[in-house]
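Fold and contact review
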Amino acid sequence: MVYARTLGANTYTFQVSGKLWRNSFIMEDRETSTSWSHVTGRALDGPGRGARLRAMPSVQTTWAEWKETHPKTDVLKKSEEVLSSRYEKYFSDPDRMGLFRAQWLTEKMPGKTLIWGAAFGTHAIAVTDDALDKGGEVRAELGGTPVEIERGPDGGVRAFTGEEREEIPVTRAFWFAWSSFYPNTQVVDQ
Amino acid sequence: MLLVVVTGVAAQRPESQVVATWGGDEVYQVLPLGAIPAIDEPEFVAGEAADAQMKLGEPVLGVVVGDTARAYSLWQLDHHELVNDEIGGTAIAATW
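Below you will find a few notes about this structure. Remember, predicted model here, so these are calculated numbers, not experimental data.

Rules and cut-offs
- Residues numbered from 1 in each chain as written.
- Chains lettered and ligands numbered in written order.
- Predicted model: local features only at pLDDT ≥ 70, side-chain atom pairs only at ≥ 80, totals over all residues.
- Contact = placed C-beta atoms within 7 Å.
- Helix = DSSP H or I, 4+ residues; strand = E, 2+ residues; numbered from the N terminus.
- Nonpolar A, V, L, I, M, F, W, Y, C, P; charged D, E, K, R; others polar.
- Pairing = 2+ DSSP bridges.
- Axes fitted to C-alpha atoms, helices over the stretch in contact; angles between N-to-C directions.

Considering the interface of chain A and chain B
Contacts between chain A and chain B engage 61 residues on the former and 64 residues on the latter. If you tally residues by element for the side of chain A that touches chain B, the top one is strand β4 (residues 14-21) of chain A, at eight residues. In the side of chain A that touches chain B, the residues fall into 28 nonpolar, 20 polar and 13 charged.

Section: the sheet that holds strand β7 (residues 43-45) of chain A
The six strands are arranged β7(A)-β6(A)-β5(A)-β4(A)-β2(B)-β1(B) in an open sheet whose pairing can be described as antiparallel. On the outer flanks of this sheet lie β7 of chain A together with β1 (17-22) of chain B, each paired with one strand and no other. Ignoring which end each strand starts from, the neighbouring axes of this sheet average 45 degrees apart. Pairing between β4(A) and strand β2 (residues 25-29) of chain B: three bridges, direction antiparallel. Each bridged residue has a counterpart across the sheet, and for Leu20(A) the counterpart in β2(B) is Tyr28(B).

Considering the sheet that holds strand β3 (residues 44-46) of chain B
Judged by pairing direction, the sheet is mixed, and its five strands sit side by side in the order β9(A)-β4(B)-β5(B)-β10(A)-β3(B) without closing on themselves. Pairing within the sheet leaves two strands with one partner each, and these edge strands are β9 (59-62) of chain A together with β3 of chain B. Each adjacent strand pair in this sheet contributes to an overall mean axis angle of 35 degrees, direction not counted. Here strand β10 (residues 74-76) of chain A pairs with strand β5 (residues 68-73) of chain B via two bridges, running parallel. What sits directly across from Asp74(A), in β5(B), is Arg70(B).

See the structure below:
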């Protein structure tokens with residue numbers, strides 16, 4: 001997820017708190033020591049409690065696809081060689097999940113299924129790659145609002161809502177983690 | 001891009017302490033504050049220098065603000081989880 005760090009008069013600098021909540025990490029800002037969810041942008045504890053950071057659309061794709069569509073892109077400089085994910089074993093092990101209710105909703109699909117999730121208002125939707133790649137896009141309705149989820153030319157998945165096609169942030173997540181935040185999420189898996 | 005990367009660490013540390021409850025759900029202290037170092041002063045490369053450090057199939061988090069397109073290697077973010085960045089005057093946090 002990408003967030004604007006400025007909220008009203010405050011610009012926050014975030015640290016990794018070392019805390020986990022609902023299977024995801026908690027950010028802590030240096031300025032007020034408020035705890036924030038990196039999944040929802042919501043301030044959960046501390047002086048800023050109740051505030052919410054503005055989420056900004058972003059995509060997850062490969063370097064090849066990203067630079068093809070954004071040839072002038074810059075990329076975060078590596079200070080040391082990093083040639084793979086340090087968590088490869090964790091990613092590929094179907095049984096290793098979080099501490100928190102790892103079995104939550106896993107009757108719907110395996111917990112380590114990677115989904116594309118989008119949330120707005122009190123609604124959420126989770127779409128699998130299978131569903132997305134079958135038709136090129138997924139159309140659904142959430143609380144009376146149309147939602148379109150599609151894979152763009154840069155390989156990234158984006159979601160749009162309403163008549164104005166407002167872009168809303170999409171998150172790549174394991175199902176077990178997404179469902180611990182959004183247990184009533186609508187699932188499109190085929 | 002919720003990735004629950006810390007969860008991978010947590011799964012190896014069953015002794016993690018429950019330190020609070022928010023919204024009825026437990027908060028675990030898995031690592032000390034800042035043990036995974038966020039990036040506060042990010043530097044960037046483009047063009048050939050970018051290609052030199054990236055693999056074609058390497059996963060990235062990509063964001064566009066105004067005329068600026070910016071990518072963050074997710075393999076690199078595994079080690080940091082958070083980048084306190086600024087794009088075209090907008091202060092942003094890229095999280096993984």
